[in-house]
Amino acid sequence: MPTFDNKPMVLLVGQYSTGKTTFIRHLMEQDFPGMRIGPEPTTDSFIAVMHGEQEGLIPGNALVVDPKKPFRKTQRFWQRLFLTGGSQSSVTS
């Protein structure tokens, strides 16, 4: 049976203002850095919400080269998403 080194990831995609951020906020029962909710399109970039030692935003160009992050092995794929304005939102809980 195969083993996996990384934790599973979930990707939410959809049209603007359909509740993706609100859904994540509800699951986490807290706000997260970089979160913006409003009637107009507010999130126009890719955000990876992950556990971290301290809360904050990490720019996408730092994520694709960090060997501690799960995005390094698939750098070609993630690079397009993160380098066009994406980031990681770190939460401590």
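Residues numbered from 1 in each chain as written. Predicted model: local features only at pLDDT ≥ 70, side-chain atom pairs only at ≥ 80, totals over all residues. Heavy atoms only, no water.

Across its full length, the chain holds 3 helices and 3 strands. Its helices and strands in sequence order give the chain the pattern α-β-β-α-α-β, from N to C terminus. Split into buried and exposed, the 93 residues of the chain put 23% on the buried side. Residue pairs in contact within the chain that sit at least 24 positions apart in sequence constitute 56% of those at least 6 positions apart. About 7300 Å² of surface is accessible on the chain, with carbon and sulfur atoms providing 55% of the total. (Helix = DSSP H or I, 4+ residues; strand = E, 2+ residues; numbered from the N terminus. Buried < 20%, exposed > 50% of the residue type's maximum accessible area, 1.4 Å probe, protein only. Contact = heavy atoms within 4.5 Å. Areas by Shrake-Rupley, 256 points an atom, 1.4 Å probe, with all protein chains shown as cover.)

Quick look at the pattern of salt bridges now. Any two side chains of opposite charge can pair, given that their charged atoms come close. Summed over the entire model, instances satisfying the criterion amount to 1 salt bridge. A salt bridge links Arg25 to Asp31; the shortest N-O distance between them is 2.6 Å. For Arg25, a relative accessible area of 35% translates into the label partly exposed. (Salt bridge = Lys/Arg side-chain N within 4 Å of Asp/Glu carboxyl O.)

Extensive coverage of strand S3 (residues 87-91) is indicated by the burial of 5 of its 5 residues. On S3, burial covers both faces: Ser87, Ser89 and Val91 on one face and Gln88 and Ser90 on the other are all buried. As judged from the 5 bridges shared by strand S1 (residues 47-51) and S3, these two strands associate in the parallel manner. Looking at S3, one finds that Val49 is bridged to Ser89. In the sheet, strand S2 (residues 56-59) pairs with S3 via 4 bridges, with the strands oriented antiparallel. (Pairing = 2+ DSSP bridges.)

Pairing is mixed in the open sheet, where 3 strands are placed in the order S1-S3-S2. Each end of this open sheet is capped by a strand with a single partner; those strands are S1 and S2. For this sheet, the mean angle separating the axes of adjacent strands, direction not counted, is 30°. (Axes fitted to C-alpha atoms, helices over the stretch in contact; angles between N-to-C directions.)

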